[in-house]
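# Understanding the architecture of this molecule
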There are 2 protein chains.
Amino acid sequence: MPDDTAFDPLTEPLLSGDRRALARAITLVESTRPEDRARAAALLQSVADPGRRTLRIGLSGTPGVGKSTFIEAFGTMLTGAGHRLAVLAVDPSSTRSGGSILGDKTRMDRLARDPNAFIRPSPSQTELGGVARRTREAIALVEAAGHDIVLVETVGVGQSETLVSRMTDLFVLLLAPAGGDELQGVKRGIMEAADIVLVNKADGDLATQARRTCADYAGALRLMRKRPGDAPDFPCAMTVSAVTGMGIDAAWNAMQALARHRRESGLWDRTRADQNRHWFEEAVRQGLMARLTADPALAARMDDLGARVARAELPATAAAMVLLDDLASGP
Amino acid sequence: MPDDTAFDPLTEPLLSGDRRALARAITLVESTRPEDRARAAALLQSVADPGRRTLRIGLSGTPGVGKSTFIEAFGTMLTGAGHRLAVLAVDPSSTRSGGSILGDKTRMDRLARDPNAFIRPSPSQTELGGVARRTREAIALVEAAGHDIVLVETVGVGQSETLVSRMTDLFVLLLAPAGGDELQGVKRGIMEAADIVLVNKADGDLATQARRTCADYAGALRLMRKRPGDAPDFPCAMTVSAVTGMGIDAAWNAMQALARHRRESGLWDRTRADQNRHWFEEAVRQGLMARLTADPALAARMDDLGARVARAELPATAAAMVLLDDLASGP
């Protein structure tokens with residue numbers, strides 16, 4: 001039980017902000033080896049602090065919208081204002097998209113050398129459940145190491161946005177100007193996670209198109225109901241230029257205004273408590289399922305039953321009952 | 001084990017389309033008594049038929065959009081065309097919204113008396129997990145009783161749309177004309193589930209506003225990416241009038257075109273197989289969790305740990321490990 005475990009040798013340097021200790025601690029929570037899992041849980045327990053006040057921002061944007069450039073400009077502004085920033089990446093599909101995000105730190109040259117910024121590329125594993133746990137735990141670690149703002153980046157594929165919106169305080173969607181046939185559309189699930197839509201590249205030839213795209217998204221956001229009790233002006237859409245810096249400070253002001261409103265209304269605390277509870281229940285569910293599938297016979301039985309249910313030969317509930325009966329009567 | 005169970009006395013009359021047997025079978029799957037659960041599972045198994053070809057339509061619309069009138073007009077058209085229609089309701093919040101949906105059958109006067117239509121109001125329970133199971137099983141039962149089209153109605157609150165979109169073949173969102181300050185917006189999660197947005201009340205004074213609302217939603221839908229491999233013209237927005245009948249046949253044509261495209265592309269079969277597998281895994285997860293919380297000591301332990309995790313005193317993973325250790329070392 002974590003409470004009884006002696007403090008890990010990483011605890012002290014981690015809490016004092018040692019970057020190598022932080023990097024090692026994240027590597028530890030990324031490991032799936034059982035002994036590392038136990039050590040990681042104890043380490044996370046030893047650095048837990050309910051009073052720690054941080055801001056977690058989810059940032060989604062598909063390749064080509066200028067996300068690295070945006071993070072460089074936004075992050076440099078934050079560290080310049082005295083914040084300590086951590087940038088984490090969630091990329092369950094790095095094998096498919098041909099390269100992990102944040103893999104190329106050269107596009108975040110200044111931020112990568114900034115002592116007040118910590119950038120961690122996504123590991124190369126692809127299992128979504130594991131991604132959620134690792135990312136949540138990496139957030140806890142960078143916060144323990146003194147980073148008061150955490151940016152969690154995602155590439156906008158699959159379900160990663162839902163995951164990230166469940167572990168962050170606000171969600172920013174970064175888009176490029178587009179219109180007519182170019183318009184690819186936003187993946188389902190992302191638009192509704194967005195608190196703030198930023199249309200990037202609002203500079204030079206693209207400025208007009210960026211404003212038009214921004215107006216389109218502002219219109220679409222008006223058709224969607226906002227979260228009960230949330231700030232009246234959100235979700236909103238704004239234009240920015242990561243290259244010229246235009247709008248970056250306004251975007252940060254909007255994020256702060258939304259964060260302030262949520263803190264004052266109590267929505268912030270309720271959301272974090274709900275998120276924590278959700279991940280606890282999810283961890284219990286995954287643990288229970290892992291115990292079941294650790295038995296090769298039950299795992300094979302579950303595969304077989306799942307295939308029959310998929311073909312509609314067996315109803316889902318009946319098949320689940322069969323499996324649970326097998327579990328109960330097992331050795 | 002369901003496979004070994006003798007056929008239920010309800011099986012035969014249910015398969016021959018007996019309405020009272022169908023109503024009783026649905027009452028059986030709505031029951032949470034363990035002996036009813038086992039009988040329901042066996043009954044569902046006895047009427048399972050992978051070759052049965054049906055169309056499941058999810059329909060979401062908040063009170064006031066004219067949903068009952070729409071179902072009456074749409075349903076009467078379907079039965080007039082030789083279809084056998086079942087209308088089911090998903091309403092996890094009936095206690096809050098002040099009355100279960102479909103509770104007032106008088107607004108569906110013709111359909112309620114139509115021998116080719118079967119209308120089943122939502123039961124008054126409120127637990128979402130139970131709603132999903134009951135609704136899925138009611139779908140299987142009405143289909144076994146010969147209904148080739150199933151309309152699953154939801155009031156657009158909470159997570160019911162996600163549930164319903166996971167058990168239907170296509171999803172229709174019904175809206176009323178609105179603009180400016182009246183615009184309430186669509187609840188997050190619903191817009192994304194929608195394949196077809198229907199703006200109702202496109203008659204008389206509201207016709208112009210309905211067309212404008214329709215154009216607004218058509219614009220918003222263009223900003224969202226469609227499902228990979230789906231028909232090119234979807235999601236789409238159309239105007240209808242449930243009162244005059246205007247557009248009802250066009251809406252049905254659109255639904256059929258989308259269904260045909262999905263059937264021919266293979267998306268239909270893949271989606272149903274994925275849905276079935278999802279509900280099987282969900283049933284296993286719920287069953288495992290139910291076993292854990294059936295032990296009062298473990299249930300209390302889980303509550304306590306959950307509260308501490310919610311307050312950020314304990315990390316989620318560590319707390320889950322503690323609970324699972326307790327389970328393993330239990331009596």
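The coordinates are above.
A brief report on the enclosed structure follows. (Residues numbered from 1 in each chain as written. Chains lettered and ligands numbered in written order. Predicted model: local features only at pLDDT ≥ 70, side-chain atom pairs only at ≥ 80, totals over all residues. Heavy atoms only, no water.)

Moving on, we come to the overall build of chain A. A tally of helices and strands in chain A yields 13 helices and seven strands. In chain A, which comprises 331 residues, the proportion classed as buried is 54%. Residue pairs in contact within chain A that sit at least 24 positions apart in sequence constitute 74% of those at least 6 positions apart. Carbon and sulfur atoms make up 50% of the accessible area of chain A, which totals about 14000 Å². (Helix = DSSP H or I, 4+ residues; strand = E, 2+ residues; numbered from the N terminus. Buried < 20%, exposed > 50% of the residue type's maximum accessible area, 1.4 Å probe, protein only. Contact = heavy atoms within 4.5 Å. Areas by Shrake-Rupley, 256 points an atom, 1.4 Å probe, with all protein chains shown as cover.)

This part is about the relation of the copies chain A and chain B. When chain A is fitted onto chain B, the two copies agree to an RMSD of 0.1 Å after a turn of 180° and an axial shift of 0.1 Å. Taken together, the turn and the small shift mark the pair as related by a two-fold rotation axis. Among all C-alpha atoms of chain A, that of Ala220(A) lies closest to the rotation axis, at 2.3 Å. Mapped onto chain B, 99% of the interface residues of chain A are again interface residues, and the two copies thus contact each other with one and the same surface. (Least-squares fit on C-alpha atoms with pLDDT ≥ 70 in both.)

Let's shift gears to unusual backbone geometry. All names here are of chain A. With an omega dihedral of -5°, the bond running from Phe-234 to Pro-235 counts as a cis peptide bond. A positive phi angle, near 65°, is found at Ala-312, a position not held by glycine. Counting through the fold element by element, Ala-312 comes out in the loop between helix H12 (296-310) and helix H13 (316-328). With a relative accessible area of 29%, Ala-312 lands in the partly exposed category.

Once that is clear, we can look at the packing of helix H13 (residues 296-310) of chain B against helix H14 (residues 316-328) of chain B. All names here are of chain B. At their nearest, the axes of H13 and H14 sit 10 Å apart, and the two run at 170° to each other. Compared by their axis directions, H13 and H14 come out roughly antiparallel. Of the residues in H14, those in contact with Leu-298, Arg-301, Met-302, Leu-305 and Val-309 of H13 are Ala-316, Ala-319, Val-322, Leu-323, Asp-326 and Leu-327. Looking at the contact of H13 with H14 residue by residue, the classes come out as nine nonpolar, no polar and two charged. (Axes fitted to C-alpha atoms, helices over the stretch in contact; angles between N-to-C directions. Parallel < 35°, antiparallel > 145°, perpendicular 65-115°, else oblique. Nonpolar A, V, L, I, M, F, W, Y, C, P; charged D, E, K, R; others polar.)

Residues and elements named next belong to chain A. Read across the sheet, seven strands follow the order S3-S2-S4-S1-S5-S6-S7 without closing on themselves; strand pairing throughout is parallel. Each end of this open sheet is capped by a strand with a single partner; those strands are strand S3 (117-120) and strand S7 (236-239). Neighbour-to-neighbour, the strand axes of the sheet open up by a mean angle of 20°, direction not taken into account. Pairing analysis gives four bridges linking strand S2 (residues 85-90) to S3, with the strands arranged parallel. (Pairing = 2+ DSSP bridges.)

Angle between the axes and distance between the axes: these two values describe a pair of packed helices. The contact between helix H11 (residues 267-293) of chain A and helix H12 (residues 267-293) of chain B brings their axes to 10 Å, and the two run at 100°. Considering the angle they form, H11(A) stands roughly perpendicular to H12(B). Here H11(A) contributes Glu281(A), Val284(A), Arg285(A), Leu288(A), Met289(A) and Leu292(A) to the contact with H12(B), which in turn contributes Glu281(B), Val284(B), Arg285(B), Leu288(B), Met289(B) and Leu292(B). Broken down by class, the residue content of the contact of H11(A) with H12(B) amounts to eight nonpolar, no polar and four charged.

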